[in-house]
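Chain by chain, the residues:
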Number of protein chains: 2
Amino acid sequence: MQGTESNLNQFRNHLDQFSTLSDLQFKVVVDHIKIRKLKKHEVLLHEDQVVDHTFWINKGLLISTFTQDDGREHIIQFAIENCWITDQQAYYNQERSKFRITCLEDAEVFALSYESRETLCAEIGELSHFFRRKANDSFVKLQQRLLTYLTSDAQQRFELLCEEYPTLIQRISKKRLAAYLGVTRETLSRFTRS
Amino acid sequence: MQGTESNLNQFRNHLDQFSTLSDLQFKVVVDHIKIRKLKKHEVLLHEDQVVDHTFWINKGLLISTFTQDDGREHIIQFAIENCWITDQQAYYNQERSKFRITCLEDAEVFALSYESRETLCAEIGELSHFFRRKANDSFVKLQQRLLTYLTSDAQQRFELLCEEYPTLIQRISKKRLAAYLGVTRETLSRFTRS
DNA sequence: CATAAAAATTGACATACATCACTAATTTCA
DNA sequence: TGAAATTAGTGATGTATGTCAATTTTTATG
């Protein structure tokens, strides 16, 4: 990691959430990290771009989006501090991205390349364990999200989102909440009236 | 693993798909496996049951389902030969299951306890790697499924499912395909008419 | 094989949500 | 600060899909 004023405590706490890394191990990880600073509206990852990094968010708010042929845009993920974001499919298979990652607030992210991650996981069992747990947790959360599509109508999905992420939704326009929930902004607007 | 006539080649091939295990490593894994044979309609996992195993399917077809308060049943996953199935959330957090896992065809499954899995992953780096990759792949597939809800109407979702799993859908009733796709059987029936 | 049970089909009608068109409010940034 | 761009709200109307009810077809089982 290049010289920076970034406080790494947060990152270390994050990595230690399932099992603890030694000081040395953490240092080895940090040496593979590249820092990127981004301005609001900046695009971190374009569609059709080769995805060789995953990004941990130290500060800021980003979204990954998928744009349909007809121009409709869907939000795959909101990502704030302590979240990871990338196009997983493209990252793991070294393919081109189907998603775009855009910065909604000025941000600082830690970039970890695919190669670095594989090297580190092979060297550091605890890190492999971390990413294994992390992947499982992400899966479970996504499954929960899918389940709300199967069980709940748009208004209920909106209310559940408000309950689960009360602070997040205040940082995000209703237009984008709609794009995440899978409804039009008009429909969402009619919910919030009442 | 208790004495059995099961052919383990298939299981070994499965585990070797991302990186190869040695004969010894594979033996260690197999020693943690318990075999279960199930009849059609048999329930492998009930709702509210503590989930201490994940199951690899050697033979057969199972589904995991979530039942809403009003009785509507949604299919979370179809699982055939070479798939793993469990209630991930409950398994990883040692909680009670929200899903039910039911056998749709006579089956033979390999049960791996949570404890065994963690022990094995700690001992065998290649296995940790396997489950990490596996979790990532599952995540990507689930994300793709979610995306079809955001981008496609019910008929398109049905057609995509037919394209992707042409053989699977022949083993499954339309009622259940509907419960997977998030439509009523009546609506699905109207698609297949034409 | 016969009977019961489950699954599939079909029609009539209800409803949640989308679309389109317009106006109002808010934010951006020159 | 003020004009332009973006976001939000609202009504009228269309459409995909759900609901209910009845019938037919297929599958399961003694």
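Right, let's walk through the structure included here. This one's a predicted model, so the numbers in the text were calculated from it and none came from an experiment. (Residues numbered from 1 in each chain as written. Chains lettered and ligands numbered in written order. Predicted model: local features only at pLDDT ≥ 70, side-chain atom pairs only at ≥ 80, totals over all residues. Heavy atoms only, no water.)

Focus on the overall build of chain A
Selection criterion: Counting from the N terminus, the helices are the DSSP runs of H or I reaching at least four residues and the strands are the DSSP runs of E reaching at least two. Between the two quantities, the radius of gyration covers C-alpha atoms and the globule rule is 2.2 Å times the number of residues to the power 0.38. Pairs of residues are marked as contacts when any of their non-hydrogen atoms sit within 4.5 Å. A 1.4 Å probe and the Shrake-Rupley method give the accessible areas. Residues count as covered only by the protein chains that appear here.
Scanning chain A from terminus to terminus reveals 8 helices and 6 strands. Listing every helix and strand of chain A by position from the N terminus yields α-α-β-β-β-β-β-α-β-α-α-α-α-α. Taking 194 residues into account, the globule formula puts the C-alpha radius of gyration at 16 Å, and chain A, at 18 Å, falls close to it. In terms of overall dimensions, chain A has C-alpha extents of about 55 × 30 × 30 Å along its principal axes. Excluding contacts between residues fewer than 6 apart, the proportion of contacts in chain A whose partners are at least 24 apart in sequence is 69%. When the accessible area of chain A is evaluated, it comes to approximately 9500 Å², of which 47% is carbon and sulfur surface.

Some details on helix 5 (residues 125-151) of chain A
Worth spelling out the cut-off: Expected span of a helix: the number of residues minus one, times 1.5 Å. Exposure categories follow from relative accessible area, calculated using a 1.4 Å probe and restricted to protein chains: below 20% of the type maximum is buried, above 50% is exposed, and the middle band is partly exposed.
Its 27 residues give helix 5 of chain A an end-to-end C-alpha distance of 39 Å, which sits within 8% of 39 Å, the value for a rise of 1.5 Å per residue. The element helix 5 of chain A is largely enclosed, with a buried count of 20 among its 27 residues.

Considering a negative patch on the surface
For clarity, the cut-off: For patch building, the residue pool is restricted to those with more than 30% relative accessible area and no salt bridge; the joining distance is 9 Å between like charges and 5 Å between nonpolar side chains (Val, Leu, Ile, Met, Phe, Trp, Tyr). Salt bridges are defined as contacts in which a side-chain nitrogen from Lys or Arg sits within 4 Å of a carboxyl oxygen from Asp or Glu. Lys and Arg are tallied as positive, Asp and Glu as negative. Neither His nor the chain termini are counted. Charge positions come from single atoms, namely NZ of Lys, CZ of Arg, CG of Asp or CD of Glu.
Negative charge collects at one region of the surface, where Asp-153, Glu-159, Glu-163 and Glu-164 of chain A lie side by side. For Glu-159 of chain A, the location among the structural elements is in helix 6 (residues 154-164).

Notes on the interface of chain A and chain B
Rules: Defined in terms of a 1.4 Å probe, buried area is the accessible area two parts forfeit on being brought together, summed over both. Within 3.5 Å is the distance limit for a polar contact, defined as a pair of N or O atoms, with the added protein rule that one can donate a hydrogen and the other accept it, and that residues adjacent in sequence qualify only through two side-chain atoms.
Facing the 37 residues of chain A at the interface are 37 residues of chain B. Roughly 3500 Å² is buried in total at the junction of chain A and chain B, and carbon and sulfur atoms are behind 64% of that figure. There are 2 salt bridges connecting chain A and chain B. Viewed at the interface, chain B and chain A are joined by 11 residue pairs in polar contact (both at pLDDT 80 or more). Of all the secondary structure elements, the ones that give two or more residues to the side of chain A that touches chain B are strand 4 (73-79), helix 3 (88-93), helix 4 (114-123) and helix 5 of chain A. Of the residues forming the side of chain A that touches chain B, the biggest block, 19 residues, is contributed by helix 5 of chain A.

Notes on helix 6 (residues 154-164) of chain B
Cut-off, in case you're wondering: The arc in question is formed by the directions pointing from the helix axis toward the C-beta atoms.
Among all positions of helix 6 of chain B, only Ala-154, Arg-157, Phe-158 and Leu-161 of chain B are buried. Seen along its axis, helix 6 of chain B keeps its buried residues to an arc of 100 degrees; they face one direction.

Considerations on the relation of the copies chain A and chain B
As a reminder, the rule being used: Least squares is used to superpose the copies, and the fit set is the C-alpha atoms of residues whose pLDDT is at least 70 in both copies.
The operation relating chain A to chain B is a screw motion whose rotation component is 180 degrees, with 0.0 Å of axial translation and a residual RMSD of 0.0 Å. This pairing of chains is accounted for by a two-fold axis. If distances are taken from each C-alpha of chain A to the rotation axis, the shortest is found for Arg-132 of chain A, at 2.2 Å. When the interface residues of chain A are mapped onto chain B, 100% of them are again interface residues, pointing to one common binding face.

Examining the packing of helix 5 of chain A against helix 5 (residues 125-151) of chain B
Keep this limit in mind: Axes here mean lines fitted to C-alpha atoms, for a helix over just the part in contact, with angles spanning 0 to 180 degrees between N-to-C directions. When describing relative orientation, an angle under 35 degrees is termed roughly parallel and one over 145 degrees roughly antiparallel, while 65 to 115 degrees is termed roughly perpendicular and anything else oblique. Left-handed describes a crossing in which the near helix is turned anticlockwise from the far one by less than a right angle; the clockwise case is right-handed. The nonpolar class holds Ala, Val, Leu, Ile, Met, Phe, Trp, Tyr, Cys and Pro. Asp, Glu, Lys and Arg form the charged class, and all remaining residues, Gly among them, are polar.
Between helix 5 of chain A and helix 5 of chain B, the shortest axis-to-axis distance is 9 Å and the interhelical angle comes to 20 degrees. The pairing of helix 5 of chain A with helix 5 of chain B is recorded here as roughly parallel in orientation. Seen from above, helix 5 of chain A lies across helix 5 of chain B with left-handed handedness. Of the residues that constitute the contact of helix 5 of chain A with helix 5 of chain B, the class distribution is 14 nonpolar, 10 polar and 4 charged.

Comments concerning the side chain of Arg-12 of chain A
All names here are of chain A. Along the chain, the position of Arg-12 falls in helix 1 (residues 9-15). Residue class for Arg-12 comes out buried when judged on its relative accessible area of 19%. Separated by 2.9 Å, the side chains of Arg-12 and Asp-23 make a polar contact. Residues within four places of Arg-12 in sequence aside, it is in contact with Leu-21, Ser-22, Asp-23 and Phe-26.

Regarding the environment of Gln-68 of chain B
Inspection of the secondary structure puts Gln-68 of chain B in the loop between strand 3 (53-67) and strand 4 (73-79). Judged by relative accessible area, Gln-68 of chain B falls into the buried class, the value being 15%. In this view, Gln-68 of chain B contacts Thr-151 of chain A together with His-74 of chain B; residues no more than four positions away in its chain are not counted. Among the polar contacts listed, one links the side chain of Gln-68 of chain B to the backbone oxygen of Thr-151 of chain A, at a separation of 2.9 Å. Within the structure, the side chain of Gln-68 of chain B is placed 2.8 Å from the side chain of His-74 of chain B, a separation counted as a polar contact.

Comments concerning unusual backbone geometry
All names here are of chain A. One non-glycine residue, His-41, lies in the positive phi region at around 80 degrees. Summarising the element assignment, His-41 is placed in the loop between strand 1 (34-38) and strand 2 (43-45). A positive phi angle is found at Gln-94, which is not glycine, with a value near 55 degrees. Within the fold, Gln-94 resides in the loop between helix 3 and strand 6 (100-113). Overall, Gln-94 belongs to the partly exposed group, its relative accessible area being 41%.

Brief notes about the environment of Asp-31 of chain A
Within the secondary structure, Asp-31 of chain A is located in helix 2 (residues 23-31). When the C-alpha positions of Asp-31 of chain A and Arg-157 of chain A are compared, they lie 41 Å apart, and in sequence the two are 126 residues distant.

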